Structure formats: structure tokens, C-alpha cells
Amino acid sequence: MKKNMEQANYLKAIVIGIGSFLTSILGVLAIPTVLMVASNVTDYITGLIASKFREQDINSYRSMRGIFKKVGMWLLVIVGAILDVLLEYSLANLGIQIPFSFPVASIVEVWITCNEIISNLENIQDIGVNIPGFLKPLVKNIRSQVEHQADILQEDQENREEE
């Protein structure tokens, strides 16, 4: 019994250490990144399961293509973070400070996560599980709101550049 408690405490320490490390590196992007990666992994798994119900073959080419798509999504977030640093630097040189960090990367992550959740729901539905009617419209609404907010940010940025 004591050995099990020690193992549990050791596991807790590892999880806390990894979480602290990720939070220190990612900062404000930690939660969206974890959610995005979790939805990527879940989408990959549900896609593999759903392919059997769709009578699709699972082959290494399609599997690798799916993995590369997920990596591409992560690269989009990195591009967003690079743009954020570039914008922050440029605006700081103009004497303008933005009150938040990594808006582009955050928006990209939320948008990707919404798309992955929609894909998860479609995969789960293809497996034969009934999906509550409100889920897919809810996620699509969130994605639409993110796109709308991104458009507003772009318009604000263009207005600042004109001034």
C-alpha cells in the first residue's frame, strides 16, 4: 500500500513538473496549446476508428498525411506567435503597447481547436454514437466568433497603420 502511494506521488510530481515546464515556456498559450494538441490526438484516434465504420482502408500514407496535417497546424501556431512578436516589437517602436500577448497565435489555436472538435464530432457520429443536436452548431458558432474577432483585430491594425 505504501509503495502504491509513493508511486502515485512520484507520478503526480512528474505531471506537475511537466505542466510547470510547459506553462513556463508557453505562458498564455499553455491552455490553448494543450487543448489544441488534445483535440488533434483525439481527432486522429477517432478518425482511425471511424475509418473502419466508413469502410475505408487505413494505410501508412493516409496515416502519415494525417500526422503531417497536425504538425502543419502546430506550425501555423508558431507562425502566429512569430507574427505576434513582430507586431509587438513594431508597435513598441511606435510607442504603442497592446494590453495582451499573443493574440494571433491564440486566435489560430482556438480556430484550429474548433475545427478539430467539429471533425471529432463527425468521426464519433460516423462510429454510430448519437451527438446532441446543439454541439456542432455551438462549436461552429465559437469558430465563427473567433473569425469575426480576428477580422475586427485586422481592421484595428489597419486603422492604426493609417494613423
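Residues numbered from 1 in each chain as written. Predicted model: local features only at pLDDT ≥ 70, side-chain atom pairs only at ≥ 80, totals over all residues. Heavy atoms only, no water.

Chemist: Any chance you could explain the side chain of Asn40 here in plain terms?
Modeler: Tracing the backbone through its elements, the reader meets Asn40 in helix α2 (residues 30-53). Residue Asn40 is classed as buried on the basis of its relative accessible area of 2%. A polar side-chain atom of Asn40 sits 2.9 Å from a polar atom in the side chain of Glu116. Those residues in contact with Asn40 that sit more than four places away from it in its chain are Lys70, Met73, Trp74, Ile112 and Glu116. (Helix = DSSP H or I, 4+ residues; strand = E, 2+ residues; numbered from the N terminus. Buried < 20%, exposed > 50% of the residue type's maximum accessible area, 1.4 Å probe, protein only. Polar contact = N/O pair within 3.5 Å; in protein donor to acceptor, adjacent residues only side chain to side chain. Contact = heavy atoms within 4.5 Å.)

Chemist: Looking at this structure, how should I read the nonpolar core?
Modeler: As a rule of thumb, soluble globular proteins bury nonpolar side chains together. Judged by nonpolar contacts, Leu29, Met36, Met73, Val77, Ala81, Ala105 and Ile112 together constitute the single largest core of 7 residues. Those elements that provide at least two residues to this core are α3 (60-93) and α4 (103-127). Met73 has contacts with Asn40, Ile112 and Glu116, leaving out every residue within four places of it along the chain. (Core = buried A, V, L, I, M, F, W, Y, C linked by side-chain atoms within 4.5 Å.)

Chemist: What's the story with the confidence of the model for the chain in this structure? I'm lost.
Modeler: Predicted coordinates in areas of low pLDDT are best not read in detail. In the predicted model, the chain carries a mean pLDDT of 87, and 93% of its residues have values of at least 70. For the chain, the element scoring lowest by mean pLDDT is helix α5 (residues 135-162), at 77; α2 scores highest, at 93. (pLDDT = per-residue confidence, 0-100.)

Chemist: Sorry if this is basic, but what is going on with the pattern of salt bridges here?
Modeler: Any two side chains of opposite charge can pair, so long as their charged atoms come close to each other. This model, assessed by the stated rule, comprises 4 salt bridges. Linking Arg54 and Asp126 is a salt bridge whose minimum nitrogen-to-oxygen distance equals 2.6 Å. Taken together, the residues Arg54 in the loop between α2 and α3 and Asp126 in helix α4 connect sequence positions 72 residues apart. On the accessibility criterion, Arg54 (31% relative accessible area) is partly exposed. The class for Asp126 is partly exposed, based on a relative accessible area of 37%. Ionic pairing is found between Lys136 and Glu122, a salt bridge with its closest N-O pair at 3.6 Å. One end of the pair, Lys136, is in helix α5; the other, Glu122, is in helix α4, with 14 residues separating them in the sequence. For Lys136, a relative accessible area of 22% gives the class partly exposed. Several salt bridges converge on common partners, so that one network encompasses Asp43, Lys70 and Glu116. (Salt bridge = Lys/Arg side-chain N within 4 Å of Asp/Glu carboxyl O.)

Chemist: Explain the environment of Ile18 here, please?
Modeler: Residue position: Ile18 is located in helix α1 (residues 2-26). Among the residues examined, Ile18 registers a relative accessible area of 49% and is labelled partly exposed. C-alpha of Ile18 to C-alpha of Lys70: the two residues are 52 residues apart in sequence and 22 Å apart in space.

Chemist: Looking at this structure, I do not really get the layout of surface pockets. What am I missing?
Modeler: Empty space left among the atoms is revealed by rolling a probe the size of a water molecule over them. Space inside the largest pocket adds up to approximately 510 Å³. In terms of lining residues, the largest pocket is bounded by 20 residues, among which Tyr44, Gly47, Arg54, Arg62 and Gly66 are the most central. Mapped by element, the contributors of at least two residues to the lining of the largest pocket are α2, α3 and α4. Looking at the lining of the largest pocket element by element, the count peaks at 7 residues for α3. The class makeup of the residues in the lining of the largest pocket is 4 nonpolar, 8 polar and 8 charged. (1 Å grid on protein atoms, 1.4 Å probe; cavity = no way out; pocket = protein on both sides within 12 Å on 5 of 7 lines; lining within 4 Å. Points joined across faces, edges and corners; volume = space filled by probe spheres on them. Nonpolar A, V, L, I, M, F, W, Y, C, P; charged D, E, K, R; others polar.)

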